[in-house]
Amino acid sequence: MPLERVGFLQPLGKKLTKGWQVLNITTLTSGSPFTVYSGVQQTGAGLGGTDRPDLLAMPIFSTSRAVREDYFGLGKANSSFFTIPISIPGGTGPFHGRFGTLGRNTFRGPGFRDFDIALIKDTPFGHRGNGEFAVLQFRAEFFNIFNEVNFGLPSNIVLGSGFGVISRTAGPSRQIQFSLKLNY
């Protein structure tokens, strides 16, 4: 940043106004896909509990409700959006079921937003030959500067405890660090 060229900052001198950099890493993504599993081995095929249910009604996903962690929105009744096809005529496996009609990665989790910023100031000092003797670098780094809460994926097993509830975050809270580095 050429701050030494800004008129009202020129009285401060080049030692304070020259050598500034601003770095930014911004991450904005839609939610990760996730699959809902029944939690029961309906068909006798594959591993236990990895069969998928049938979808009865499409949930409205949100983390902007009064209980932000309840991604499906119905609390203990989140499983009412699904039915597990067991005990049906002609079914197979331990529960006489069939494969559910819900597809793989049908739903998307909460989006992710992260803004990281760094301010860096290089200050040369001393002389050795035609160049500087050393450069003192000051860094101020701000990770997740706006302190956005990024939710993880909800529990995705219909018969599991806390189905549809998000129990973790997908990133850290705001972190700030300062450092000095001497390059010689």
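Here is a short report on the structure shown in this document.

**Description of the overall build of the protein**
Of regular secondary structure, the protein possesses one helix and eight strands. Each helix and strand of the protein, ordered N terminal to C terminal, gives the series α-β-β-β-β-β-β-β-β. Taking 184 residues into account, the globule formula puts the C-alpha radius of gyration at 16 Å, and the protein, at 27 Å, lies well above it. Split into buried and exposed, the 184 residues of the protein put 27% on the buried side. Restricting to contacts in the protein with at least 6 residues of sequence separation, those with at least 24 account for 65%.

**Some words on the nonpolar core**
Counting 13 residues, the largest nonpolar core has F34, V36, F72, F82, F107, V158 and F163 as the members making the most contacts within it. Ignoring anything within four residues of it in the chain, the contact list for V158 reads V36, Y37, S38, P53, S79, F82, I84 and F163.

**With respect to the pattern of salt bridges**
Enumeration over the complete set of coordinates arrives at three salt bridges. E141 is the partner of R139 in a salt bridge, and the nearest nitrogen-oxygen pair spans 3.1 Å. Its relative accessible area of 21% is what places R139 among the partly exposed residues.

**Focus: unusual backbone geometry**
Positioned with a positive phi, H96 is a non-glycine residue whose angle comes to about 50°. Within the element layout of this structure, H96 appears in the loop between β4 (82-83) and β5 (107-108). With a phi close to 55°, N144 is a non-glycine residue in the positive phi region. Here N144 falls in the buried class, since its relative accessible area comes to 2%.

**Some remarks on the pairing of strand β7 (residues 131-143)**
Both strand β6 (residues 112-128) and β7 contribute to a ladder of 11 bridges, which runs antiparallel. Bridge pairing links T123 to L136 in β7. Counting the residues that bridge the hairpin from β6 to β7 gives two residues, and of these G129 lies at a positive phi of roughly 65°. Two elements, β7 and strand β8 (residues 175-183), share nine bridges in a ladder whose sense is antiparallel. Residue pairing across strands places R139 opposite S179, the latter belonging to β8.

**Thoughts on the side chain of K121**
Residue position: K121 is located in strand β6. Within the buried core, K121 has no salt-bridge partner, and the shortest N-O distance to an opposite charge, that of D122, equals 7.9 Å. Here the side chain of K121 touches K18 through a polar contact of 2.6 Å, landing on its backbone oxygen. Within the structure, K121 has its side chain in polar contact with the side chain of T123 (distance 3.2 Å). Contact partners of K121, with chain neighbours within four places excluded, come to K15, L16, K18, G19, W20, L136, Q137 and F138.

**A few points about the environment of T101**
Structurally, the position occupied by T101 is in the loop between β4 and β5. Linking T101 and D51, residues 50 residues apart in sequence, is a C-alpha distance of 9.9 Å. Those residues in contact with T101, other than ones at most four positions away along the chain, are P53, D54 and L55.

**Regarding the environment of T50**
Here T50 lies in the loop between β2 (33-34) and β3 (54-55). Since its relative accessible area comes to 37%, T50 is described here as partly exposed. Spatially, the C-alpha atoms of T50 and T35 are 9.8 Å apart, while their sequence positions differ by 15 residues.

**As for the sheet that holds strand β1 (residues 20-29)**
Pairing in this open sheet of four strands is antiparallel, and the strands run β1-β6-β7-β8 from one edge to the other. In this open sheet, the two strands that pair with only one neighbour each are β1 and β8. Recorded for the sheet is a direction-independent mean angle of 15° between the axes of neighbouring strands. Where β1 and β6 come together, 10 bridges link them in antiparallel fashion. Along β6, the bridge assignment pairs L23 with A118.

What counts, and at which threshold
Each chain carries its own residue numbering, running from 1 in the written order of its sequence. For this predicted model, a pLDDT threshold of at least 70 governs which residues receive local features, and a threshold of 80 or more governs which side-chain atom pairs are given and counted, while totals over whole chains, interfaces and linings are taken from all residues. Note that water and hydrogens are dropped before the side-chain values are worked out from all heavy atoms of the structure. The secondary structure listing takes helices from DSSP runs of H or I that are at least 4 residues long and strands from runs of E that are at least 2 residues long, numbered from the N terminus. The reference for a compact globule is 2.2 Å times residues^0.38; the radius of gyration itself is calculated from the C-alpha atoms. Whether a residue is buried, partly exposed or exposed follows from its accessible area with a 1.4 Å probe, protein chains only, as a fraction of its type maximum: under 20%, in between, or over 50%, in that order. Only heavy atoms enter the contact rule, under which two residues are in contact if any of them lie within 4.5 Å. By nonpolar core we mean a set of buried residues, namely Ala, Val, Leu, Ile, Met, Phe, Trp, Tyr and Cys, connected to one another through side-chain atoms within 4.5 Å. Note on definitions: salt bridges are taken to be side-chain nitrogens of Lys or Arg within 4 Å of carboxyl oxygens of Asp or Glu. Paired strands, in this sense, are two strands between which DSSP finds at least two bridges. Charge assignment: positive for Lys and Arg, negative for Asp and Glu; neither His nor the chain ends contribute. Polar contact is the term for a pair of N or O atoms within 3.5 Å; when the atoms are in protein, one must be able to donate a hydrogen and the other to accept it, and sequence-neighboring residues count only if both atoms are side-chain atoms. To get an axis, fit a line to the C-alpha atoms, keeping to the stretch in contact for a helix; angles then go from 0 to 180 degrees between the N-to-C directions.

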